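Commentary on secondary and tertiary structure
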Amino acid sequence: MLPASVHPYFFLSYAHTPRFGAGGPDPDMWVERLFRDLCGHVMALTDLPAGAEAGFMDREIRSGEGWSERLGAALATCRVFVPLFSPRYFASEMCGKEWFAFAHRAIQHGAASNERAEAIVPALWVPVPPSQLPGPAERLQFNHNTFGERYVTDGLYGLIKLRGYAEQYERAVYELARRIVRVAETVRLDPVRPMDYRVVPSAFGPSGSGGGPARTLHVTVAAGSRHDLPDGRSPEYYGESALDWNPYHPVSQRPIAYVAEDVIKNLNYQTTMSSFDDEAGHFDSKQPPTRPEILIVDRWVVEDEHRRQRLAAFDQESRPWINVVVPWNRYDHQSRAKESELARRLEETLPVKMGQGRAACRAAANGVANMETLGQILPQVVEAAAQQFLRHAQVYLPAGNTHTERPRLIGPMGMGEPPAPPPAPFPPDAYDAYDAHIDGNDSNDTDRGDADDSES
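Sequence order as written defines the numbering, with residues in each chain counted from 1. Since the coordinates come from a predicted model, pLDDT governs what is reported: local features require at least 70, and pairs of side-chain atoms require 80 or more to be given and counted, while whole-chain, interface and lining totals use all residues. Each side-chain value is derived from all of the structure's non-hydrogen atoms; neither hydrogens nor water enter the calculation.

Now for the pairing of strand 7 (residues 293–297). Any residue under 20% of the maximum accessible area for its type is buried, any over 50% is exposed, and the rest in between are partly exposed; the area is computed with a 1.4 Å probe on protein chains only. Runs of H or I in DSSP of at least four residues are treated as helices and runs of E of at least two as strands, each being numbered from the N terminus. Taken across its 5 residues, strand 7 has 5 buried, putting it largely inside the fold. Along strand 7, one buried face is formed by Glu 293, Leu 295 and Val 297 and the opposite face, lined by Ile 294 and Ile 296, is buried too. Examined bridge by bridge, strand 5 (residues 215–222) and strand 7 share 5 bridges and lie parallel to one another. Across the sheet, residue His 218 finds its bridge partner in strand 7, namely Glu 293. Strands are labelled as partners when DSSP assigns at least two bridges between them.

In structure tokens:
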């Protein structure tokens, strides 16, 4: 990690623009000018010492595999994240990874403090229609109109390139710098350990899908409430319902369901949540799935015979689009004292789910020790559930097409027979993107737990 003295004040995230022809001008020089202007304003508006790093901008063009140590350290320590919105930005896997890595810091901060921490200050490089924004960007509460009318219609790129707009450009950049400073002084995110780029997902969804509507995913929590705990079990980790279960108390001040929801939303999903106690009849393997799902399980539920039997029945049905996550806090003295017994009983109750799938899925089912590990492993578990959903969901052919060589999931068309099913949980273009993504991964995936990885 970078020394505290060189932590960047803000991180400018942008999509590199390819050159037109060898030896031509560098189109990113305009971004560099914006970066220099922002740094100058931030230095003038703060008491940063001379030589301090006002901002960080990655000037190297990287593929989806590239992630320098310095870039990771800057994302782990900067105070404000400034994404330059453009259509190219939301099509960039690297930009999506940068967004996810920074936003996850805010999720961890919110879990520890139970206070919302929003330290992303977007800027319009090229205006993007709201309908093309991925979920994480669409949810930002930000008013661009205060930066000027021309800024909203032309973006910073238009202002910096078009003659006659120098004054509007200066105003927009100054107002952006003021917003950066105000957010930095209001929201104090603690530095964290840099994330491993190899497991950092994109906040914009699968590679190649770009912006657009979020997909849907359901979270179910199997846990008790403070009113029906096993004898001797402390109620300090529980609330009025399963959704109030907080296994990482006191480090986390938020229930696990809502922390997981934040992580999943940061993967461009819309989420719904429920208690396992309220899901009687929901898990029916005879029906095609309508969405991928995550089941979060408290090992202590095996002490309740009714819940244990329901979990055992759930395990016997083939639902590979549902993955299990088992949070486990070893600083919880009661849980640590009964860890071996509870782990053994849960393995006997869920033998299929505990052993199926890729390594990340099996690790998640066998115990997630802390919030940091949850943030690293949950995106991989969600991705695996989404892929299995697309393998098992009902196929809907395009209207009038009876000779498609290879049917693809494009979402219900709502036409003809049989009657239209519920709305598609993924936007139509996401099915094709995921189909290609799955095809690319299957050829070299050697880390599957069972035949249907078949079943996972």
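Our focus in this paragraph is unusual backbone geometry. That bond from His 249 to Pro 250 is cis: its omega, 5 degrees, falls within 30 degrees of zero. Among the structural elements, Pro 250 can be located in the loop between strand 5 and helix 8 (256–265). Its identity as a non-glycine residue notwithstanding, Asn 114 has a phi of 60 degrees, on the positive side. By the secondary structure assignment, Asn 114 is in the loop between helix 4 (93–113) and strand 4 (123–124).

Strand order in the open sheet made by the 4 strands is 6-5-7-8, with parallel pairing throughout. Only two strands of the sheet have a single neighbouring strand rather than two, namely strand 6 (269–275) and strand 8 (322–325). Averaged over all neighbouring strand pairs, the angle between strand axes comes to 25 degrees, with direction disregarded. In this analysis, two residues are considered to be in contact whenever any of their non-hydrogen atoms come within 4.5 Å of each other. Think of each axis as a best-fit line through the C-alpha atoms, taken over the contacting stretch in the case of a helix, with angles from 0 to 180 degrees between the N-to-C directions. Here helix 8 sits on the sheet in contact with strand 5, strand 6 and strand 7, set at roughly 160 degrees to strand 6. Strands strand 5, strand 6, strand 7 and strand 8 of the sheet are contacted by helix 14 (residues 371–392), whose axis makes an angle of about 165 degrees with strand 8.

Turning next to the sheet that holds strand 1 (residues 10–13). Hydrogen bonding along the main chain pairs the strands of a sheet, whether they run parallel or antiparallel. Strand order in this open sheet of 4 strands is 2-1-3-4, and the pairing throughout is parallel. The outermost strands of the open sheet, each flanked by one partner alone, are strand 2 (55–57) and strand 4. Of the pairings in the sheet, the one linking strand 1 to strand 2 comprises 3 bridges and is parallel in character. Bridging across to strand 2, Phe 11 finds its partner in Phe 56. Lying on the sheet, helix 4 is in contact with strand 1 and strand 3 (80–85); it crosses strand 3 at an angle near 155 degrees.

Time to look at the pattern of salt bridges. Any Lys or Arg side-chain nitrogen found within 4 Å of a carboxyl oxygen on Asp or Glu counts as a salt bridge. Per the counting criterion, the structure on display carries 22 salt bridges. With a shortest N-O distance of 3.1 Å, Glu 185 and Arg 188 are connected by a salt bridge. Under the relative-accessibility criterion, Glu 185 is labelled partly exposed at 42%. Close ionic contact of Asp 228 with Arg 307 constitutes a salt bridge, the shortest N to O distance being 2.6 Å. Of this pair, Asp 228 sits in the loop between strand 5 and helix 8 while Arg 307 sits in helix 9 (residues 305–316), placing them 79 residues apart in sequence. Residue Asp 228 is classed as partly exposed on the basis of its relative accessible area, which comes to 34%. You can call Arg 307 buried: its relative accessible area is 8%. Via salt bridges that share partners, Asp 228, Asp 277, Asp 304 and Arg 307 belong to a single interconnected network.

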